[in-house]
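# Notes for the structure review
For reference, the chains in residue letters:
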Amino acid sequence: MGEAGEQHSDAELIALSLKDPNSFTGLFDRHARTVHRYLGTRAASSDVEDLVSETFVTAFRSRGRYDAAYDNAQPWLLGIATNILRHHRRAEGRRFARLRRLDRERATDPTDEWVTDLAYAEQSDRVGRAVAAMDERYRDVLLLLAGPGLSYEEVARALAIPIGTVRSRVSRGRAQLRELLGLSGKYPDEVTAQRAATEGLLE
Amino acid sequence: MIDELELLRQHLDETADPAPDLAKARAQLELAIAAAGPKPRSAIRHVRPKALTVSGLVAVAAAAIVLSVTVFSAPPPRGHARSTPPVSGLLPVGTQLRLLSDRIAQQDIPSLQSDQLLLTESHIAVQAQVNNGQAQATIALDVKRWSNGTGQACTSTLAQPAEFASPAQQAAWGGLGLRDAPSVQPVTGCLGGNTGSGAQADSLTGDGQLLDVSKLPTDPAVLAQELQNGTTGIPAIDQLIFDQANATIAFQRAAVLLLGPVVGATPEFESTLYQALALLPGVTSLGSTTTHDGQAGLGFAADSQEGQSAIVVDPVTGRLLELRDFDDSSALSSLATAYLGAGPLQVTSYGTTLQWLDPVGPPAVVKSADLPADVPLCIFGTAKPGIDQQLPTLEGQLDQQYGHTSGGSSFSGAGALAPGTPATIEWTFSGPGEQFNEYLAAARASGLFSSVNVI
């Protein structure tokens, strides 16, 4: 999509694409990296490219049903990507199975306890394994919030669930993630304040 | 102190691919766009009476779906005793269609038990042209379809290696980055869920919607008008993307309804459809016509500037026997992408001509358990109103209790596809077995669904 595409909102691009299907490539150019990154957090790297492709092809074929009231199509695309991930759970499973295996291997080493001052790479492994162990419904909302940075309303739209459900899943998901990360106990005041600030941004 | 959400963000930043390769994904999107775009101008037009508007390798798959006609329209077994004389092809076209309307009204619509499926098979020939005829090939398909009584189906498609008119054509085909034979055989999938995700969910009209014909008018004149105006109320029919100048569009819409897969079909519906066909302008009789596999039928066609679309029907029963030169805009990317080679893709446009589609023998009622091992088995659940948020919970519970299904699952929230659409869930299994039975029993016992269908 050229400069003309930049002048249009996502909703306008989608509307244009009903007459000129090539306009839809503008949506790809605008959001493919975000979709790729989101899928990359949830699927084996060997599957991500195909899943990105399937997301946009599905979106293209569903564009007639896009709700033009929403200028930003990113939640819609990420919702489609999430649905496709569910359809291809094996793809996600391959990634998470590897992480769980790492977790089991590590668990055999009694000296390997996670502490905050470990190298960041190891922290990252730890977080990855915790995400792998999360309940999928919580994982959906947390990854949409923390990755692409969707708002609660946008997550609700992406997953076609009520916003109240998003709020409760965020709350429970964070608690579960905290527990899986070994951050047991109640939130220290400092963290509570940080959380409040963060949620303020997300809201 | 540590905030778990911040840790998660850091983790995502750390693990993100800084320079993802998006070229293949973009190429596949362009492929889908090309399939839905303006009709490519093909050299084939000069040698064939008709070049199709919507085409592409993907329409190979569309052609595969076209075989759904055989679900309710397959011919009787050969040698079947016929006490009723055939309708003469010498009669005026309107008279033929009205007589056939009476015949089809006497045909039974097969009804299936919950553990039964209707197996049909079709042979299809498709001519594909790429980049305005820069490369051309003919592809033969053998498509088997297992359908249940509510419109869901599983398909298995075997494609023969592409045939070329000359070595130069074969070289051109390969030079565009295409394979002679699909990389996956057979291509299998489930159809008819409302999940709207995945190429396997495609229908004839390309968006996975079922054709519910139960609310169509019973007055042939009203139906004919709605077919012409695209106001049947069935989006998949009304929004068919044909060349708007194509005078055959009403005829083709009627043909799509004859093909299905449809829900709510009755002999009366098909009878009304034939009467409506008789009222459409431009529908002509081809007289006695022999199908590609030698069955005697009556041909009907609609001419346009582009050529001619035709159907062939049984002169005794009125059942559809064959399609010729049929346009469709649907896409089944799983089959199209199976023709993509490993090298750079040079396809900028492509189209196909469905040369013919012939059912192979009569449909057979089989048990669900008789599905071949390589064909997926699916459970489709449609949620009761207002409880769709409970479906992911159930999905998670069953996942934990019985393990991941081999083919994954797909959930679509209420209104996710269009306002008013119910939430649905679809579980896919590699075949029947204990896990399938456990999921099915649990879904039915959950009380969350207005319907639970199996295919």
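Since the structure is predicted, the reported quantities are computational estimates derived from the model, not experimental observations.

### Some points on the environment of Asp219 of chain B
Mapped onto the fold, Asp219 of chain B is located in the loop between strand 5 (211-212) and helix 7 (220-229). On the basis of relative accessible area, Asp219 of chain B is assigned to the partly exposed category, the value being 38%.

### Let's talk about helix 9 (residues 152-159) of chain A
All names here are of chain A. By the burial criterion, the buried members of helix 9 are Tyr152, Val155, Ala156, Ala158 and Leu159. Summarising the axial view, the buried residues of helix 9 lie within an arc of 165°, below the 170-degree limit, and thus occupy one face. One or two residues past the end of helix 9 sits Ala160, with phi positive at roughly 55°.

### A closer look at the pattern of salt bridges
Charged atoms that come close allow side chains of opposite charge to pair. Tallied over the entire structure, the rule returns 12 salt bridges over all chains. In this structure, the salt-bridge partner of Asp13 of chain B is Arg37 of chain A, at a minimum N-O distance of 2.3 Å. Linking Asp13 of chain B in helix 1 (residues 4-15) with Arg37 of chain A in helix 3 (residues 24-40), this pair reaches from one chain into another. We classify Arg37 of chain A as partly exposed; its relative accessible area is 33%.

### What to know about helix 1 of chain B
The end-to-end C-alpha distance of helix 1 of chain B is 16 Å, a good match for the 16 Å that 12 residues give at a rise of 1.5 Å each. Of all the positions in helix 1 of chain B, only Glu4, Leu5, Leu7, Leu8, Arg9, His11 and Leu12 of chain B are classed as buried.

### Here's the deal with the packing of helix 3 of chain A against helix 4 (residues 45-62) of chain A
All names here are of chain A. Remark: helix 3 packs on helix 4, axes separated minimally by 10 Å, with the N-to-C direction vectors making an angle of 140°. Relative to helix 4, the element helix 3 lies oblique. Crossing geometry of helix 3 relative to helix 4 is assigned as right-handed. Across the interface between the two elements, Phe24, Leu27, Phe28, His31, Ala32, Val35, His36, Leu39 and Gly40 of helix 3 pack against Val48, Leu51, Val52, Thr55, Phe56, Ala59 and Phe60 of helix 4. Of the residues belonging to the contact of helix 3 with helix 4, the class tally is 12 nonpolar, 4 polar and no charged.

Rules used throughout
Residues numbered from 1 in each chain as written. Chains lettered and ligands numbered in written order. Predicted model: local features only at pLDDT ≥ 70, side-chain atom pairs only at ≥ 80, totals over all residues. Heavy atoms only, no water. Helix = DSSP H or I, 4+ residues; strand = E, 2+ residues; numbered from the N terminus. Buried < 20%, exposed > 50% of the residue type's maximum accessible area, 1.4 Å probe, protein only. Arc of directions from axis to C-beta. Salt bridge = Lys/Arg side-chain N within 4 Å of Asp/Glu carboxyl O. Expected span 1.5 Å × (residues − 1). Axes fitted to C-alpha atoms, helices over the stretch in contact; angles between N-to-C directions. Parallel < 35°, antiparallel > 145°, perpendicular 65-115°, else oblique. Left-handed = near helix turned anticlockwise from the far one by under 90°. Contact = heavy atoms within 4.5 Å. Nonpolar A, V, L, I, M, F, W, Y, C, P; charged D, E, K, R; others polar.

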